[in-house]
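Architecture at a glance
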Amino acid sequence: MSGVRSNFIEGFGDEIILTSVASIAIGFLGVTVMKIFSRRNAARRSATGLNSNEVAQQEELPANVNIYRRNAGDICAICLEVCTLAVETNCGHGYCGLCLKVMYEMNRRRAISCPFCRQRVTLLFLHLTQDERTAASDTELAVNRSDVIEFVHHYNSTHSATDRSIMDHLRDLPTLLRNLWSEFFTINGMLRFRFRVRIGFYCSILLFYLCVPFDIIPESIFGLLGFMDDLLISFVFLIYLAALYRRHILDRH
């Protein structure tokens, strides 16, 4: 019939085709952008005659240190002062790196509980300000920074491989995803290029599944109940991303 519009490809709905093309385009664009930034960083290091390890040494930091930024006014719950050389626990609470280090040593180097919420601490994130990163090596701040970095590496490598319950994974989810999001879009972050591509690919697959009309519980038949499978799969996907990111952090120590 002349009034019936044909699909782009016979046997496939236009929604599936457009979603597939959009997912491929987004993935390709993401990979291209990351490659461009990687080449620019490599060219900049080449122009200065420094490799990544030498750049880290120039800033007095090990090459595999995770660097994040928290709010400048965060208060340490141990000393009740503004956090210096801040360390964030897997439950999302921030402390002075030296305060948490002293607490760990007083606990005979056993896994500690968060002083704020009492959750078991199994992973630490280091947050340094610009001044803390660039402090000269002959200053007290630089000495303390080295102590805190060594403490974070030791703690993560020693206490992060313990068995954890499902509830522990769920409690850690907001902190891990927030740090993953921050580091994924940090050009000079410590995420390896292949890991970024892997995360981008998985996100494209999820986007494709959410957009296609074929679901485990179709919305066209079950109405709002049909969104339940989308929510469940998205939730499981986020847990998997957090687990991947956690493993990626541990592999760097």
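Above this text sits the structure in question.
Throughout what follows, the structure given in this document is the object of discussion. Each chain carries its own residue numbering, running from 1 in the written order of its sequence. Under the rules for a predicted model, residues below a pLDDT of 70 receive no local features and side-chain atom pairs below 80 are neither given nor counted, while totals for whole chains, interfaces and linings still include all residues. For side-chain calculations, the full set of non-hydrogen atoms in the structure is used, while hydrogens and water are omitted.

Focus: the nonpolar core
Take the buried residues of types Ala, Val, Leu, Ile, Met, Phe, Trp, Tyr and Cys, join any two whose side-chain atoms come within 4.5 Å, and each joined set is a nonpolar core. Exposure classes here rest on a 1.4 Å probe applied to the protein chains alone. A residue is buried below 20% of its type maximum, exposed above 50%, and partly exposed in between. V87, L100, L124, F151 and Y155 are the most contacted members of the largest nonpolar core, which totals 22 residues. Numbering of helices and strands runs from the N terminus, with a helix taken as a DSSP run of H or I at least four residues long and a strand as a DSSP run of E at least two residues long. Elements that contribute at least two residues to this core include exactly strand 1 (86-89), strand 2 (94-96), helix 3 (97-106), strand 3 (124-127) and helix 5 (140-159). Considering every element that reaches this core, the biggest residue donor is helix 5, with 5 residues. A contact between two residues is defined here by any heavy atoms of the two lying within 4.5 Å. In this structure F151 touches G97, L100, K101, Y104 and L124, once residues within four positions along its chain are discounted. Among the nonpolar cores identified, the runner-up in size contains 17 residues, and L176, F184, F195 and L250 belong to it.

What about the packing of helix 7 (residues 193-211) against helix 9 (residues 227-251)?
What counts as an axis is a line fitted to C-alpha atoms, over the stretch in contact for a helix, and the angles between N-to-C directions run from 0 to 180 degrees. Running from N to C, helix 7 and helix 9 cross one another at 175°; their axes reach a closest spacing of 11 Å. On the basis of the axis angle, helix 7 is roughly antiparallel to helix 9. Contacts between helix 7 and helix 9 involve F195, R198, I199, Y202, C203, L206, Y209 and L210 from the first element and D229, D230, I233, S234, F237, Y240, L241, L244, Y245 and H248 from the second. Basically, the charged four are Asp, Glu, Lys and Arg, the nonpolar ten are Ala, Val, Leu, Ile, Met, Phe, Trp, Tyr, Cys and Pro, and anything else, Gly included, counts as polar. By residue class, the composition of the contact of helix 7 with helix 9 is 13 nonpolar, 2 polar and 3 charged. Angular relationships are summarised with four words: roughly parallel below 35 degrees, roughly antiparallel beyond 145, roughly perpendicular across 65 to 115, and oblique for the angles in between.

Re the pattern of salt bridges
Salt bridges are counted wherever a side-chain nitrogen of Lys or Arg sits within 4 Å of a carboxyl oxygen of Asp or Glu. Inspection of the entire model under this criterion finds 5 salt bridges. A salt bridge links E105 to K101; its shortest N-O distance comes to 2.8 Å. One end of the pair is E105 and the other is K101, both in helix 3 and 4 residues apart, which spans about a single turn. Taking the shortest distance from any N to any O, the salt bridge between R171 and D168 comes out at 3.0 Å. Pair noted here: R171 and D168 are both in helix 6 (residues 166-184), with a separation of 3 residues, about one helical turn. For R171, a relative accessible area of 41% gives the class partly exposed.

The values reported here are purely geometric and, on their own, carry no functional implication.
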